[in-house]
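Structural description and commentary
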Amino acid sequence: MGCLGNIIWFLFGGVILGISWLIAGILWCITIIGIPVGLQCFKFAGLCFFPFGKEIEYSVGPVSLLANIIWLLVSGLPLAVVASVIGVVFCITIIGIPFGLQCFKIAKLALLPFGATVRIL
């Protein structure tokens with residue numbers, strides 16, 4: 001399912017989510033202080049383009065908590081809303097449920113990107 005799922009995902013939803021993460025990364029990188037945040041956005045844009053066969057692990061720390069709060073207020077909510085809406089549209093059909101679940105995984109990542117690592121299965 002991984003390769004075929006990634007191809008179908010890329011054509012029907014991954015492009016929109018990946019480009020939204022790339023735009024967020026570019027906007028963060030315009031400022032000097034936001035470069036680490038922008039680099040994190042670019043890393044997760046790759047996940048948005050091809051999410052099947054990858055898992056996200058979360059860890060909590062004081063620095064990541066502070067970064068997540070700032071991120072949530074500035075960029076996290078719009079990215080999470082886009083991913084959630086696409087996920088709901090996918091979940092309307094039975095065939096689209098695996099793709100909707102990937103959208104919800106990305107929506108959670110959009111809310112808490114710092115302290116998250118992507119693990120390839």
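The rules we used
- Residues numbered from 1 in each chain as written.
- Predicted model: local features only at pLDDT ≥ 70, side-chain atom pairs only at ≥ 80, totals over all residues.
- Heavy atoms only, no water.
- Core = buried A, V, L, I, M, F, W, Y, C linked by side-chain atoms within 4.5 Å.
- Buried < 20%, exposed > 50% of the residue type's maximum accessible area, 1.4 Å probe, protein only.
- Helix = DSSP H or I, 4+ residues; strand = E, 2+ residues; numbered from the N terminus.
- Contact = heavy atoms within 4.5 Å.
- Expected span 1.5 Å × (residues − 1).
- Bend = angle between axes of the 7 residues up to and from the residue.
- Axes fitted to C-alpha atoms, helices over the stretch in contact; angles between N-to-C directions.
- Parallel < 35°, antiparallel > 145°, perpendicular 65-115°, else oblique.
- Nonpolar A, V, L, I, M, F, W, Y, C, P; charged D, E, K, R; others polar.
- Phe/Tyr/Trp six-rings, centres within 6.5 Å; stacked < 30°, edge-to-face > 60°.

This part is about the nonpolar core. Counting 27 residues, the largest nonpolar core has Trp9, Leu17, Trp21, Trp71, Ile106 and Leu109 as the members making the most contacts within it. Broken down by secondary-structure element, the contributors of at least two residues to this core are helix 1 (2-30), helix 2 (35-49), helix 3 (62-91) and helix 4 (97-111). Here Trp21 is in contact with Cys41, Phe44, Ala45, Cys48, Trp71, Leu79, Ile106, Leu109, Ala110 and Pro113, once residues within four sequence places are set aside.

What follows deals with the environment of Gly76. In this structure, Gly76 sits in helix 3. Its relative accessible area of 0% is what places Gly76 among the buried residues. Once you skip the residues sitting within four places of it in the chain, Gly76 turns out to touch Trp71, Ala110 and Leu111.

Right, let's talk about helix 3 for a bit. Between the first and last C-alpha of helix 3 there are merely 35 Å, a value that for 30 residues lags more than 12% behind the 44 Å anticipated at 1.5 Å per step. For helix 3, the principal kink sits at Leu72 and spans about 65°. Buried within helix 3 are the following residues: Ser64, Asn68, Trp71, Ser75, Gly76, Leu79, Ala80, Ala83, Ile86, Gly87 and Phe90.

A separate point is the packing of helix 1 against helix 3. Packing of helix 1 against helix 3 leaves a shortest axis separation of 11 Å and a crossing angle of 170°. In terms of their interaxial angle, helix 1 and helix 3 are classed as roughly antiparallel. Contact residues: helix 1 offers Trp9, Phe12, Gly13, Ile16, Leu17, Ser20, Trp21, Ala24 and Trp28, while helix 3 offers Ile70, Trp71, Val74, Ser75, Leu79, Val82, Ala83, Ile86 and Phe90. Classifying every residue of the contact of helix 1 with helix 3 gives 15 nonpolar, 3 polar and no charged.

Moving on: the environment of Ala45. Following the sequence through the fold, Ala45 ends up in helix 2. For the pair Ala45 and Leu101, spaced 56 residues apart in the sequence, the C-alpha separation amounts to 17 Å. Those residues in contact with Ala45 that lie beyond four places of it in its chain are Gly18, Trp21 and Leu22.

Turning our attention to the packing of aromatic side chains. Inspection of every chain in the model, using the stated rule, returns 9 aromatic pairs. The interplanar angle of 80° and the centroid separation of 6.3 Å between the aromatic rings of Trp71 and Phe114 together place this pair among those described as edge-to-face. With Trp71 in helix 3 and Phe114 in the loop between helix 4 and strand 2 (116-120), this residue pair connects regions lying 43 residues apart in the sequence. By the burial criterion, Trp71 is buried, and Phe114 matches it. Taken together, the ring pairs in this structure connect Trp21, Trp28, Phe44, Trp71 and Phe114 into an aromatic cluster.

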